[in-house]
Amino acid sequence: MVRAWLGVLVCAVIRLVVMQVEGYTVGITYVNSAVAEGAVCLDGSPPAYHFDKGFGAGLNNWLIHVEGGAWCNNATVCLSKRNTRLGSSKYMDTDYTFSGILSNLQKFNPDFYNWNRVKVRYCDGSSFTGDVEAVDPRTKVYYRGARVWRAIINDLMGKGMKNAQNAILGGCSAGGLTVILHCDSFRAQLPGAKVKCLSDAGYFINVRDISGALHIQDLYAQVVATHQSAKNLPTSCTSKFSPQLCFFPQYAAQGIQTPLFLLNAAYDAWQVKNILAPGVADPHGTWHNCKLDITKCSSSQLQTLQGFRTEFLSALSVLGSSSSRGLFINSCYSHCQSGTQETWLRSDSPLLDGTSIAKAVGDWYYDRNSFQQIDCPYPCDKTCHNRVFE
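Criteria and cut-off values
- Residues numbered from 1 in each chain as written.
- Predicted model: local features only at pLDDT ≥ 70, side-chain atom pairs only at ≥ 80, totals over all residues.
- Heavy atoms only, no water.
- Helix = DSSP H or I, 4+ residues; strand = E, 2+ residues; numbered from the N terminus.
- Rg over C-alpha atoms; globule rule 2.2 N^0.38 Å.
- Buried < 20%, exposed > 50% of the residue type's maximum accessible area, 1.4 Å probe, protein only.
- Contact = heavy atoms within 4.5 Å.
- Areas by Shrake-Rupley, 256 points an atom, 1.4 Å probe, with all protein chains shown as cover.
- Lys, Arg positive; Asp, Glu negative; His and termini not counted.
- Charge placed at Lys NZ, Arg CZ, Asp CG, Glu CD.
- Phe/Tyr/Trp six-rings, centres within 6.5 Å; stacked < 30°, edge-to-face > 60°.
- Lys NZ or Arg CZ within 6 Å of the ring centre and 35° of its normal.
- Polar contact = N/O pair within 3.5 Å; in protein donor to acceptor, adjacent residues only side chain to side chain.
- Pairing = 2+ DSSP bridges.
- Salt bridge = Lys/Arg side-chain N within 4 Å of Asp/Glu carboxyl O.
- 1 Å grid on protein atoms, 1.4 Å probe; cavity = no way out; pocket = protein on both sides within 12 Å on 5 of 7 lines; lining within 4 Å.
- Points joined across faces, edges and corners; volume = space filled by probe spheres on them.
- Nonpolar A, V, L, I, M, F, W, Y, C, P; charged D, E, K, R; others polar.
- Axes fitted to C-alpha atoms, helices over the stretch in contact; angles between N-to-C directions.
- Parallel < 35°, antiparallel > 145°, perpendicular 65-115°, else oblique.

Visitor: Help me understand the overall build of the protein chain in this model?
Guide: Along the backbone of the protein chain there are 12 helices and 12 strands. Over its C-alpha trace the protein chain gives a radius of gyration of 20 Å, about what one expects of a compact globule, namely 21 Å for 390 residues. The principal-axis extents of the C-alpha atoms in the protein chain amount to approximately 55 × 50 × 50 Å. Out of the 390 residues in the protein chain, the part that is buried amounts to 56%. Nonlocal contacts in the protein chain, meaning residues at least 24 apart in sequence, comprise 76% of its contacts between residues at least 6 apart. Carbon and sulfur atoms form 53% of the exposed surface of the protein chain, whose accessible area is close to 16,200 Å². Averaging the coordinates of the 34 positive side-chain charges in the protein chain and doing the same for the 29 negative ones gives two points 3 Å apart.

Put into structure tokens, the structure is as follows:
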């Protein structure tokens, strides 16, 4: 047991040292003026982001990358997040490590290293869609994600983004969903710029869990109801589908007019753990080891995972074909691949068709080459960095 814990500790130290070598820290900026407008985190604290100013030829180019952190679907869950970094800027680390797509070094981020790079912190639990005027008198929880989003974007406009020539709205996980839900409206605010959107691990699909229940559909319906998100979802979707369905990318993304790049693992680790095999659907924990390490999955579990991949690809196909869309769908067991150097661009980073994620996204953004690649089924891809959870 001691040896096992020592192994975990050594791995953690090595990972921290590598992050320090490949990344650098950027201080936090609080949007204090937003409080007067009621644009606040779950606990009423001001929104926040980390901003590293562009330089040289990238001075008027902007990359926004939105943090993930799931959602809170009812008063109890939102209260539990209230006094954490995902519900309050008071609990956020004041420094954030920039690496991967946020790196300022050309060798690590050749196409965007000199852009203005922003990490938007996530503290509202609704992918920035909520707007409830009343404050819960019992819990003192604010549901104001949409206001938070507007406040942050307006603050960045005042720092030069209004003069952007090129811009990317990107994000990971719940931040990747934020990208899809706000992509067209973001582009509308920068009419003079070339704007594209990058959703990393944000294509959450509407699928039954292993017990046959529509767990994620119920959860998203509760998020939309709790945060009163309907009015802030894309009208291109809500004019055709119910607001609850429009929280899913497979419905919301159908109407997006802005060029969109979807970066996702077909065996997304978060979706496997929380959509396909959530704890409520696996009361005896038969999926526990498989969810921690895909190499520990039984043959029947692997068969179920292959079925999930098939459903994921089917949910992608409803978007239809578009020459402006980018696709990098690999067969890794991972979640979020743009914000860490090891998966974005390194000598051993994941490849599709011999191409790194960084090159695929850069070629797509600058129209050097279209990129729409879907990997072969697991375990064929030997370039994967498959997550192993302790």
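Visitor: Can you walk me through the packing of aromatic side chains in this structure?
Guide: Both the distance between ring centres and the angle between the ring planes are used here to describe each pair of aromatic rings. All told, the structure shown has 26 aromatic pairs when counted by the stated rule. When the centroid spacing of 5.1 Å and the interplanar angle of 80 degrees are considered together, the rings of tryptophan 71 and tyrosine 220 count as edge-to-face. You can see tryptophan 71 sitting in the loop between β3 (61-66) and α2 (75-82) and its partner tyrosine 220 sitting in helix α5 (residues 215-227), a full 149 residues away along the chain. We note that tryptophan 71, like tyrosine 220, is buried. It is lysine 194 that lies over the ring of tyrosine 365; its NZ or CZ is 4.9 Å from the centre.

Visitor: Before we go on, may I ask you to explain the side chain of aspartate 200 in this structure?
Guide: Considering the arrangement of structural elements, one finds aspartate 200 in strand β7 (residues 194-200). Among the polar contacts listed, one links the side chain of aspartate 200 to the backbone nitrogen of glutamine 337, at a separation of 2.8 Å. A distance of 2.7 Å separates polar atoms of two side chains, one belonging to aspartate 200 and the other to serine 338. Once residues lying within four places of it in the same chain are set aside, the contact partners of aspartate 200 are Gly171, Cys172, Ser173, Gly176, Leu263, Cys336, Gln337, Ser338 and Gly339.

Visitor: Is there a simple way to think about the pairing of strand β9 (residues 326-330) in this case?
Guide: Within a regular strand, side chains alternate between the sheet's two faces. For β9, the tally of buried residues reaches 5 of 5 residues, placing the bulk of the element in the interior. Covered by surrounding structure in β9 are Gly326, Phe328 and Asn330 together with Leu327 and Ile329, the residues of both alternating faces. Of the strand pairs in this sheet, β9 and strand β12 (residues 372-374) are connected by 3 bridges, and their pairing is parallel. Bridge pairing links isoleucine 329 to isoleucine 374 in β12.

Visitor: How should I be thinking about the pattern of salt bridges in this particular structure?
Guide: Once the charged atoms of two side chains with opposite charge are near each other, the side chains can pair. Enumeration over the complete set of coordinates arrives at 15 salt bridges. Linking arginine 85 and glutamate 67 is a salt bridge whose minimum nitrogen-to-oxygen distance equals 2.9 Å. Here arginine 85 is found in the loop between α2 and β4 (95-98), whereas its partner glutamate 67 is found in the loop between β3 and α2, with 18 residues between them in sequence. Notably, a salt bridge pairs arginine 150 with aspartate 131, separated by 3.7 Å at the nearest N-O pair. Pair noted here: arginine 150 is in helix α3 (residues 145-158) and aspartate 131 is in the loop between β5 (116-120) and α3, with a separation of 19 residues, a long-range link.

Visitor: Looking at this structure, I do not really get the layout of surface pockets. What am I missing?
Guide: Once rolled over the atoms, a probe with the size of a water molecule shows which space is left empty. Its boundaries defined by the atoms lining it, the second largest pocket holds a volume of some 220 Å³. For the lining of the second largest pocket, the elements supplying multiple residues, two or more each, are α3, α4 (174-188) and α6 (235-238). At 6 residues, α4 tops the list of elements feeding residues into the lining of the second largest pocket. The residue makeup of the lining of the second largest pocket, split by class, is 8 nonpolar, 7 polar and 2 charged.

Visitor: What am I meant to see in the environment of tyrosine 113 here?
Guide: With respect to the helices and strands, tyrosine 113 occurs in the loop between β4 and β5. Each C-alpha atom of the pair tyrosine 113 and glycine 100 lies 9.4 Å from the other, and the pair is 13 residues apart in sequence. When residues no more than four places from it in sequence are discounted, the contact partners of tyrosine 113 are Phe55, Ser103, Asn104, Leu105 and Gln106.

Visitor: Explanation requested: the environment of isoleucine 28 in the structure shown.
Guide: Relative to the elements of secondary structure, isoleucine 28 occurs in strand β1 (residues 24-30). In this structure, the C-alpha to C-alpha distance between isoleucine 28 and glutamine 244, residues 216 residues apart in sequence, is 34 Å.

Visitor: Is there a simple way to think about unusual backbone geometry in this case?
Guide: Among all residues except glycine, the phi angle is most often negative; among peptide bonds, the trans geometry is most common. Note the cis peptide between tyrosine 378 and proline 379, where omega equals 10 degrees. Position of proline 379 among the secondary structure elements: in the segment after β12. Positive phi, close to 80 degrees, is recorded for cysteine 336, a residue that is not glycine.

Visitor: Help me out: how do you make sense of the packing of helix α8 (residues 269-276) against helix α10 (residues 299-317) in this one?
Guide: For any two helices packed against each other, one specifies the crossing angle of their axes together with the interaxial distance. One can describe the packing of α8 onto α10 by two numbers: an axis separation of 12 Å at closest approach and a directional angle of 100 degrees. Considering the angle they form, α8 stands roughly perpendicular to α10. Two secondary-structure elements touch here, α8 through Gln271, Val272 and Leu276 and α10 through Thr304, Leu305, Phe308 and Phe312.

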